[in-house]
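Spelled out from the first residue to the last, the chains are:
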Amino acid sequence: MPTSVVNITVHGIGPTSRTLDPGEENTWVSVGQFERALDAAVGRDDVRITFDDGNASDLEIGLPRLVERGLKAHFFVLAGEFGKPGRLDVDGVRELLRAGMSVGSHGWAHRDWRKLTDAEAEREIGEANRVIGEITGEPVKEVAIPFGSYDRVVLTRLRRAGMRLVYTSDGGRARTGQWLQARNSLRHDLDDAWVQQVFNGKASPIVQARRVVARRVKQLRGAS
Ligand SMILES: [Zn+2]
């Protein structure tokens, strides 16, 4: 097993029927860009592919291209959005599972988890996990944090909920098996240079040091 992995995050691919949230177009990629990233992942046991937001394109565009290449991926879906325009429905999630993909939670309604009351957090984490766990047939143990937005309170809630793996959006490589897994989002301006940098690049010592400090700040910030 490799000692570190490159986690990739896919959001939306190709055309969509729903209105995008502000800024969401920055992480929306074309089919060609998506395929370029997948091709770079073939044969790499140190690359993990994840999908956020439960977009319909996960199933319509993502799944066949993963299967074609013999790749597996982790899908983090939104329990409160099933069946809405442009989103996965419950049958779609089942189809992902049947194809051997794993499914975890991205929450209920794509809220910023740093801005939740206890009751809201119960819905976003507890209730979402219950609904998704009923579909997958086993307790949800992996989550991807919406917007990669976390602090000490968020992490405490996730530990209490028994999460085994928590995906962020902190960038760079992640140590295998570490509780917090940094990820790298595909971007609308993805090109070969981006793929080369993320999949094979080694960040400069300065960038690496900045990432360590940024992660530490996020883990510690928040009301005591
Ligand atoms: Zn998201």
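**Student:** Requested: an account of the pattern of salt bridges, with residues and values cited.
**Tutor:** This model, assessed by the stated rule, comprises 19 salt bridges. A salt bridge links Glu-120 to Arg-111, with the nearest nitrogen and oxygen atoms 3.6 Å apart. Put simply, Asp-39, Glu-68 and Arg-69 are held in one network by salt bridges that share partners.

**Student:** Summarise the environment of Glu-134; cite the residues concerned and give the values.
**Tutor:** Relative to the assigned elements, Glu-134 resides in helix α4 (residues 118-136). It is 28 Å that separates the C-alpha atoms of Glu-134 and Ser-17, two residues lying 117 residues apart in sequence.

**Student:** Report on the packing of aromatic side chains, specifying residues and quantitative values.
**Tutor:** Summed over all chains, the structure comprises 3 aromatic pairs. Here the aromatic rings of Phe-51 and Phe-75 are separated by 4.3 Å at their centres, their planes lie at 15°, and the arrangement is stacked. Remark: Phe-75 occurs in strand β5 (residues 73-77) and Phe-51 occurs in strand β4 (residues 47-52); sequence separation between them is 24 residues. As far as burial versus exposure is concerned, Phe-51 and Phe-75 are alike and both buried. Ring centres of Phe-76 and Tyr-167 lie 5.1 Å apart, and the angle between their planes is 55°; on these two criteria the pair is classed as tilted. Placement of Phe-76 in strand β5 and of Tyr-167 in strand β8 (residues 165-167) is noted, with a sequence separation of 91 residues between them. Of the two residues, Phe-76 and Tyr-167, both sit in the buried class. Feature note: the residues Phe-34, Phe-51 and Phe-75 constitute an aromatic cluster, connected by ring pairs. Over the ring of Trp-179 we find Arg-159, and its NZ or CZ is 3.8 Å from the ring centre.

**Student:** Describe the coordination of the zinc ion, with residues and values.
**Tutor:** Taken together, the protein ligands of the zinc ion are Asp-53 (OD), His-106 (NE2) and His-110 (NE2), with distances of 2.0 to 2.1 Å. Counting gaps between the donor residues of the zinc ion yields the pattern D-x52-H-x3-H.

**Student:** Describe helix α7 (residues 205-220), naming the residues involved and giving the relevant values.
**Tutor:** Between its terminal C-alpha atoms α7 stretches 23 Å, which fits the 22 Å expected from 16 residues at 1.5 Å a residue. Once α7 finishes, Gly-222 follows within two positions and takes phi at roughly 115°, a positive value.

**Student:** So, the side chain of Arg-157: which residues are in play, and what are the values?
**Tutor:** By the secondary structure assignment, Arg-157 is in helix α5 (residues 152-160). Exposure remark for Arg-157: the relative accessible area of 18% places this residue in the buried category. Leaving out residues up to four positions away in the same chain, Arg-157 has contacts with Trp-113, Leu-116, Thr-117, Asp-118, Ala-121 and Ile-125.

**Student:** An account of the side chain of Asn-7 is requested, with residue identities and associated values reported.
**Tutor:** Residue position: Asn-7 is located in strand β1 (residues 4-10). Overall, the relative accessible area of 0% leaves Asn-7 in the buried class. Of the polar contacts made by the side chain of Asn-7, one reaches the backbone oxygen of Ala-182; its length is 2.9 Å. Beyond its immediate sequence surroundings of up to four residues, Asn-7 is in contact with Arg-48, Tyr-167, Ala-174, Gln-181, Ala-182, Arg-183 and Asn-184.

**Student:** An account of unusual backbone geometry is needed here, citing residue identities and associated values.
**Tutor:** Phi angles above zero are rare outside glycine, and Asp-53 is one such case at about 85°. Among the secondary structure elements, Asp-53 is positioned in the loop between β4 and α2 (56-68). Relative accessible area serves as the criterion here: at 4%, Asp-53 is assigned to the buried category. Residues other than glycine seldom take positive phi values, yet His-110 does so here, at roughly 55°. Position of His-110 relative to the elements: it lies in the loop between β6 (102-105) and α4. Residue classification places His-110 among the buried residues on the basis of a relative accessible area of 17%.

**Student:** Describe in detail α4, supporting the description with residues and values.
**Tutor:** Helix length check: α4, at 19 residues, gives a terminal C-alpha distance of 26 Å against a target of 27 Å (1.5 Å per residue), a fit within 8%. Of all the bends found along α4, the most pronounced is centred on Glu-127 and spans about 30°. Among all positions in α4, only Ala-121, Glu-124, Ile-125, Gly-126, Ala-128, Asn-129, Ile-132, Gly-133 and Ile-135 are buried. Each element contacted by the buried residues of α4 is listed here: β5, α3 (90-98), β6, β7 (142-144) and α5.

Here is what the cut-offs are and how they apply
Residues numbered from 1 in each chain as written. Predicted model: local features only at pLDDT ≥ 70, side-chain atom pairs only at ≥ 80, totals over all residues. Heavy atoms only, no water. Salt bridge = Lys/Arg side-chain N within 4 Å of Asp/Glu carboxyl O. Helix = DSSP H or I, 4+ residues; strand = E, 2+ residues; numbered from the N terminus. Phe/Tyr/Trp six-rings, centres within 6.5 Å; stacked < 30°, edge-to-face > 60°. Buried < 20%, exposed > 50% of the residue type's maximum accessible area, 1.4 Å probe, protein only. Lys NZ or Arg CZ within 6 Å of the ring centre and 35° of its normal. Donors = N, O, S within 2.8 Å, 3.2 Å for Na, K, Ca; no water. Expected span 1.5 Å × (residues − 1). Contact = heavy atoms within 4.5 Å. Polar contact = N/O pair within 3.5 Å; in protein donor to acceptor, adjacent residues only side chain to side chain. Bend = angle between axes of the 7 residues up to and from the residue.

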